[in-house]
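Descriptive analysis of the structure
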Amino acid sequence: MDTDRLLELVPHYLAMLLLVFLVLGVVRTLVGDVGFWVDLAIIFVLVFLYRPVVQVLGIAPSAWEE
């Protein structure tokens, strides 16, 4: 993988990481401690839904279109 494609993906992976922390913070604030397995399930859902949502919004990097 060349550096241009990698640099194009970095903002999306950072956004995904920030989204995970934000959602987990909101869940913990509203509900309290939900446990490891629920946290892990939330992370999996967010990570697997990020790419299709970004593609539907039309802001996906070109590296994901191949």
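Located above this text is the structure these notes cover.
Here's what I pulled together on the structure shown here. Predicted model only: the values in this text are computed from it and were never measured.

Across all of its chains, the model carries one salt bridge by this definition. Across the pair Asp-39 and Arg-28 runs a salt bridge, and its minimum N-O distance is 2.5 Å. You can see Asp-39 sitting in helix H2 (residues 36-57) and its partner Arg-28 sitting in helix H1 (residues 3-30), a full 11 residues away along the chain. The class of Asp-39 is buried, set by a relative accessible area of 9%.

To continue, consider the environment of Pro-11. Examined against the element boundaries, Pro-11 turns out to sit in helix H1. A relative accessible area of 47% places Pro-11 in the partly exposed class. Residues Pro-11 and Val-26, 15 residues apart in the sequence, show an inter-C-alpha distance of 22 Å.

With that out of the way, let us pick up the side chain of His-12. If you trace the backbone, His-12 turns up in helix H1. When its relative accessible area of 13% is taken as the criterion, His-12 is described as buried. One polar contact links His-12 to Tyr-50, side chain to side chain, over a distance of 3.1 Å.

This paragraph deals with the nonpolar core. Core analysis: the biggest nonpolar cluster contains seven residues, these being Leu-9, Met-16, Tyr-50, Val-54, Ala-60, Ala-63 and Trp-64. Elements that contribute at least two residues to this core include exactly H1 and H2. In contact with Ala-63, other than residues within four places in its own chain, are Arg-5, Glu-8 and Leu-9.

Conventions used here
- Residues numbered from 1 in each chain as written.
- Predicted model: local features only at pLDDT ≥ 70, side-chain atom pairs only at ≥ 80, totals over all residues.
- Heavy atoms only, no water.
- Salt bridge = Lys/Arg side-chain N within 4 Å of Asp/Glu carboxyl O.
- Helix = DSSP H or I, 4+ residues; strand = E, 2+ residues; numbered from the N terminus.
- Buried < 20%, exposed > 50% of the residue type's maximum accessible area, 1.4 Å probe, protein only.
- Polar contact = N/O pair within 3.5 Å; in protein donor to acceptor, adjacent residues only side chain to side chain.
- Core = buried A, V, L, I, M, F, W, Y, C linked by side-chain atoms within 4.5 Å.
- Contact = heavy atoms within 4.5 Å.

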